[in-house]
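What follows is the residue order along each chain.
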Amino acid sequence: YNQLEPLLLASGLTAGDVNDASSGFSPYPGSINGLMFDLVQYAATLGATGGQIDEFINPKFTDARRSTFKSPTRLECMMQDYVKT
């Protein structure tokens, strides 16, 4: 969700991810929360990496100065990074 908007803007879609006028929904639907693994391959990868995965912090701020958090922030990881785990 935090990578689509910059991609659309960089691709020349200056409106970004906006709802379709006729349906009211985004033309880029979000995650269906489905996550599947090849367990044999995943177990081998976990053994090789020790289960470490890339993480990032995605804080939300109250103002443009970015001096105050809107809410507590947390470590996150992306589902796409599980294949590298």
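These remarks concern the structure in this document. (Residues numbered from 1 in each chain as written. Predicted model: local features only at pLDDT ≥ 70, side-chain atom pairs only at ≥ 80, totals over all residues. Heavy atoms only, no water.)

### Observations concerning the overall build of the protein
The condition that has to hold: Runs of H or I in DSSP of at least four residues are treated as helices and runs of E of at least two as strands, each being numbered from the N terminus. Our radius of gyration looks at C-alpha atoms and nothing else; its globule reference is 2.2 Å times the residue count to the power 0.38. Each residue is assigned to one of three classes by its accessible area relative to the maximum for its type, calculated with a 1.4 Å probe on protein chains only: buried under 20%, partly exposed between the two thresholds, exposed over 50%. Two residues qualify as a contact provided that any one of their heavy atoms is within 4.5 Å of a heavy atom in the partner residue. Every accessible area reported is derived by Shrake-Rupley at a probe size of 1.4 Å, with residue values counting cover from the shown protein chains alone. We treat Lys and Arg as the positive residues and Asp and Glu as the negative residues; His and chain ends play no part in the count. To locate a charge, the coordinates of NZ of Lys, CZ of Arg, CG of Asp or CD of Glu are taken.
A count of helices and strands for the protein gives two helices and two strands. Each helix (α) and strand (β) of the protein, taken in turn from the N terminus, gives the series α-α-β-β. A compact globule built from 85 residues should have a C-alpha radius of gyration of about 12 Å, whereas the protein, at 17 Å, is more than 25% larger. Across its three principal directions, the C-alpha atoms of the protein cover 45 × 35 × 20 Å. Counting across all 85 residues of the protein, residues that qualify as buried make up 11%. Here the analysis covers contacts within the protein between residues at least 6 apart in sequence; of these, 38% occur between residues at least 24 apart. Accessible surface computed for the protein: about 7,100 Å², of which carbon and sulfur atoms make up 58%. Across the protein, 6 positive and 9 negative side-chain charges occur, with their mean positions spaced 11 Å apart.

### Details of the pattern of salt bridges
The condition that has to hold: Salt bridges are defined as contacts in which a side-chain nitrogen from Lys or Arg sits within 4 Å of a carboxyl oxygen from Asp or Glu.
A full pass over the atoms with the stated rule returns one salt bridge. Put simply, Glu76 and Arg74 hold a salt bridge, and the shortest N to O gap is 3.7 Å. Overall, the relative accessible area of 12% leaves Glu76 in the buried class. Residue Arg74 is classed as exposed on the basis of its relative accessible area, which comes to 55%.

### Things to note about the packing of aromatic side chains
The description of an aromatic ring pair uses the distance of the two centres, along with the angle that the planes make with each other. Note the cut-off: Here the aromatic set is Phe, Tyr and Trp, taking the six-membered ring for Trp, and pairing holds for ring centres within 6.5 Å; pairs whose planes are under 30 degrees apart are stacked, those over 60 apart are edge-to-face, and all others are tilted.
In this structure the tally under the stated criterion is one aromatic pair. Ring centres 5.3 Å apart and planes at 20 degrees place the aromatic pair Phe61 and Phe69 in the stacked group. Judged by relative accessible area, Phe69 falls into the partly exposed class, the value being 48%.

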